[in-house]
Amino acid sequence: MGVISDNLDVWWEGLLGTLILFAGGGVVALVLGTVVGAMRVSPVPVARAVGTLYVNTVRNTPLTLVFFAFAFALPPLLGLKLTAPVPLVLAVCALGIYTATYVAETIRSGINTVPVGQAEAARAVGLTFGQVMTLVVMPQAFRSVIPPLMSVLIALLKNTTVAAGFSVLNLGSVRAYLSERGENQLVVILWVAVVFVALVLLLSWLQRSLEQRWRVAR
Amino acid sequence: MRTPRLLAGLGLVAVAALGLTACNSGSPTDPGGAAGDDETTEALWEVETDVSLDDSPTYERMVERGGVVVGVKNDQPGLGVEDAVTGERSGFDVDIARWIAASLGFDEDQITYQTIPSANREQAIVNGDIDYYVGTYSITDSRKQQIDFAGPYFITGQGLLVAADDDSISGPDDLAGKVVCSVTGSTPLQRIRDEYAPGDTVENDTYSQCVEQLKQGQVDAITTDEAILAGYVALEPEALKIAGEPFSEERYGVGLPKGDTALKDHINALLDGGGDVWTALFEEHLAPAGIDGTQPETDD
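Residues numbered from 1 in each chain as written. Chains lettered and ligands numbered in written order. Predicted model: local features only at pLDDT ≥ 70, side-chain atom pairs only at ≥ 80, totals over all residues.

**Observations regarding the overall build of chain A**
Part 1 of the argument: A count of helical and extended segments in chain A gives ten helices and zero strands.
Part 2 of the argument: Beginning at the N terminus, the succession of helices and strands in chain A can be written as α-α-α-α-α-α-α-α-α-α.
Part 3 of the argument: Here chain A holds 218 residues, and 36% of them are scored as buried.
Part 4 of the argument: Considering only intrachain contacts with a sequence separation of at least 6, the fraction spanning at least 24 residues in chain A is 76%. (Helix = DSSP H or I, 4+ residues; strand = E, 2+ residues; numbered from the N terminus. Buried ≥ 20, exposed ≤ 12 C-beta atoms within 10 Å, placed from the backbone. Contact = placed C-beta atoms within 7 Å.)

**Describing the overall build of chain B**
Part 1 of the argument: Looking only at helices and strands, chain B has eleven helices and 13 strands in total.
Part 2 of the argument: The buried share among the 300 residues of chain B stands at 43%.
Part 3 of the argument: Of the contacts made within chain B by residues no fewer than 6 positions apart, 72% connect residues no fewer than 24 positions apart.

**As for the interface of chain A and chain B**
Part 1 of the argument: Taken together, the contact pairs 20 residues of chain A with 23 residues of chain B.
Part 2 of the argument: Contributions of two or more residues to the side of chain A that touches chain B are made by α4 (63-78) and α9 (174-180) of chain A.
Part 3 of the argument: Here the element with the most residues in the side of chain A that touches chain B is α9(A); it accounts for five residues.
Part 4 of the argument: Taken together, the residues of the side of chain A that touches chain B sort by class into nine nonpolar, seven polar and four charged. (Nonpolar A, V, L, I, M, F, W, Y, C, P; charged D, E, K, R; others polar.)

**Points about the domain arrangement of chain B**
Residue and element names in this part refer to chain B.
Part 1 of the argument: By domain assignment, chain B separates into domain 1 (45-156 + 250-289) and domain 2 (158-243).
Part 2 of the argument: Placing the centre of domain 1 and that of domain 2 at their C-alpha centroids yields a distance of 27 Å.
Part 3 of the argument: Every contact between the two is made by 15 residues of domain 1 and, on the other side, 18 residues of domain 2.
Part 4 of the argument: Every element with two or more residues in the side of domain 1 that touches domain 2 is listed here: β2 (75-76) and β7 (147-156). (Domains from an automatic or database assignment.)

**A short note on the sheet that holds strand β4 (residues 89-90) of chain B**
All names here are of chain B.
Part 1 of the argument: With respect to topology, three strands assemble into an open sheet ordered β2-β3-β4, the strand pairing being antiparallel. The strands lining the two open edges of the sheet, one partner per strand, are β2 and β4.
Part 2 of the argument: Of the strand pairs in this sheet, β2 and strand β3 (residues 80-82) are connected by two bridges, and their pairing is antiparallel. Within the sheet, the bridge partner assigned to aspartate 75 lies in β3 and is valine 81. (Pairing = 2+ DSSP bridges.)

**Regarding the pairing of strand β13 (residues 250-257) of chain B**
Working note: regular strand, side chains alternate between the two faces of the sheet.
Residues and elements named next belong to chain B.
Part 1 of the argument: For β13, the buried fraction is high: seven of the eight residues fall into the buried class.
Part 2 of the argument: Relative to β13, β7 runs antiparallel, the two being bridged by seven bridges. Bridge pairing links aspartate 148 to leucine 256 in β13.

**Here's the deal with the nonpolar core**
Part 1 of the argument: Residues B:Ile100, B:Val219, B:Ile222 and B:Val254 are the most contacted members of the largest nonpolar core, which totals 108 residues.
Part 2 of the argument: In terms of residue count, the dominant contributor to this core is helix α5 (residues 85-113) of chain A (13 residues).
Part 3 of the argument: Two domains each put at least three residues into this core: domain 1 (45-156 + 250-289) and domain 2 (158-243) of chain B.
Part 4 of the argument: Those residues in contact with B:Ile100 that sit more than four places away from it in its chain are B:Tyr132, B:Val254, B:Ile267 and B:Leu270.
Part 5 of the argument: Counting residues in hydrophobic clusters, the runner-up holds nine residues, among them A:Trp11, A:Leu171, A:Ala176 and A:Val192. (Core = buried A, V, L, I, M, F, W, Y, C linked by C-beta atoms within 7 Å.)

**Points about the sheet that holds strand β10 (residues 200-204) of chain B**
All names here are of chain B.
Part 1 of the argument: Pairing is mixed across the open sheet formed by five strands, whose spatial order is β10-β9-β11-β8-β12. Where the open sheet ends on each side, the last strands, each with one partner, are β10 and β12 (240-243). Neighbouring strand axes in the sheet, compared pairwise and without regard to direction, differ in orientation by 35° on average.
Part 2 of the argument: Looking at chain direction, strand β8 (residues 158-163) and strand β11 (residues 221-225) are connected through five bridges and run antiparallel. In the strand pairing of β11, leucine 160 is matched with threonine 223.
Part 3 of the argument: Here helix α9 (residues 226-235) sits on the sheet and contacts β8, β11 and β12; the angle it forms with β12, its principal contact strand, is near 155°. (Axes fitted to C-alpha atoms, helices over the stretch in contact; angles between N-to-C directions.)

**Comments concerning unusual backbone geometry**
Among all residues except glycine, the phi angle is most often negative; among peptide bonds, the trans geometry is most common.
Residue and element names in this part refer to chain B.
Part 1 of the argument: That bond from glycine 151 to proline 152 is cis: its omega, 10°, falls within 30 degrees of zero.
Part 2 of the argument: Within the fold, proline 152 resides in strand β7.
Part 3 of the argument: A positive phi angle, near 60°, is found at aspartate 55, a position not held by glycine.
Part 4 of the argument: Relative to the elements of secondary structure, aspartate 55 occurs in the loop between α2 (30-42) and α3 (57-65).
Part 5 of the argument: Using a count of 10 C-beta atoms within 10 Å as the deciding quantity, one classes aspartate 55 as exposed.

**Details of helix α7 (residues 187-195) of chain B**
Part 1 of the argument: Three or more residues of α7(B) are buried, namely B:Thr187, B:Pro188, B:Leu189 and B:Ile192.
Part 2 of the argument: In this structure, the buried residues of α7(B) make contact with α9 of chain A together with β8, β9 (179-183), β10 and β11 of chain B.

Right, here's the structure in full:
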């Protein structure tokens, strides 16, 4: 336990960094992903084209490259100085924009599970596309995509460690810090794994309770 | 219809491949360049032929293998660099590693280099992946719990690298409101965060990324051992400079498996008795970067 109790400062900062990255990246991904998912099924051809282009380019780019673009290419272009929140904001954007593609595809598959008749009936009573989506289709779609969506979020949680190489202190950087302080790296990595398992268990629990609450009587 | 086209395609590929290999065999190969390099170092020391090192498990392992595996760095100008094209290794640390190998009776062909990043050094030695490590490896008490050090063979200190036209930083106390860059989790970074008050810190995987950001103005300073910084100044003296004096003492040692006293004593005796070699290596690799240094006494 000395590995943890002697280095509480680093563990705390690392855990906090991971949670902030996860929360920030998750919000960006869910909002952007839902919008893009809706765009991909919308009746407007331009919206469909933009959505498809975005998903197909970003989803096919390795996360590390997305990070490189945000951490090393964007700041010189914008003339940004890397003062306190800038690296964190860039990392949240990179994570969010990358994960949004997966969220979009997950939501689109959820939308496809809603029988066409539902949307047609909604359209027939005079609802607009936006109303059809928010009032009829999305509530049913979300319900069916909870398990895959949670998998995407769990992947996001673990992907936060990539930010360690790009100037955001998180659980992924703890190993480098403690190795310099003379701790055994393998022990440190095992503890990092334990923390991640605990966090993922929390997410699984959230998934189960959401599934139960929104369950449909069949 | 399909088969002939496929065959034609394969034929084209084959011709292209032949052409490439032909070019390859025609171009000048390694020996010329390598021989020139060997002459300079080989004059400094000879490969020992009659080595006896009792009670050294590491040496026994080397003899059994018929070669030595050395851990080094590959991205530190002047200290340990690997030419991306030729794979040639050079630098002060790398030559110290060669010198030690020669004293153990292994010539250049019997040395295998392994690039090990800072954070993995102890683990590589503990696991036995490498026989010894030479690469800006500071002797510290916490590391001594896992491994042993021979040396020190060089003493430097933490310094600051800034843009050549920046006069606002002359020491670690001028960092308020400034952005300081270093490698993730490195000791210099932890020291600057804990003991001084920089505006912000930026952490990258390598120093070269920090140097890039410094030149573009995204960070104000880079901090690590002065010997490492000096290598970057030597590469681009018109863009970079070292600010102020070193503010810590880093004693570079040779990392060895814990408990191998025989090998440690052998290397210490080699270093203590090889002042001329040391001076020649220093003059070749580090003096041009503009740092002073004298050979330190080794520890017991």
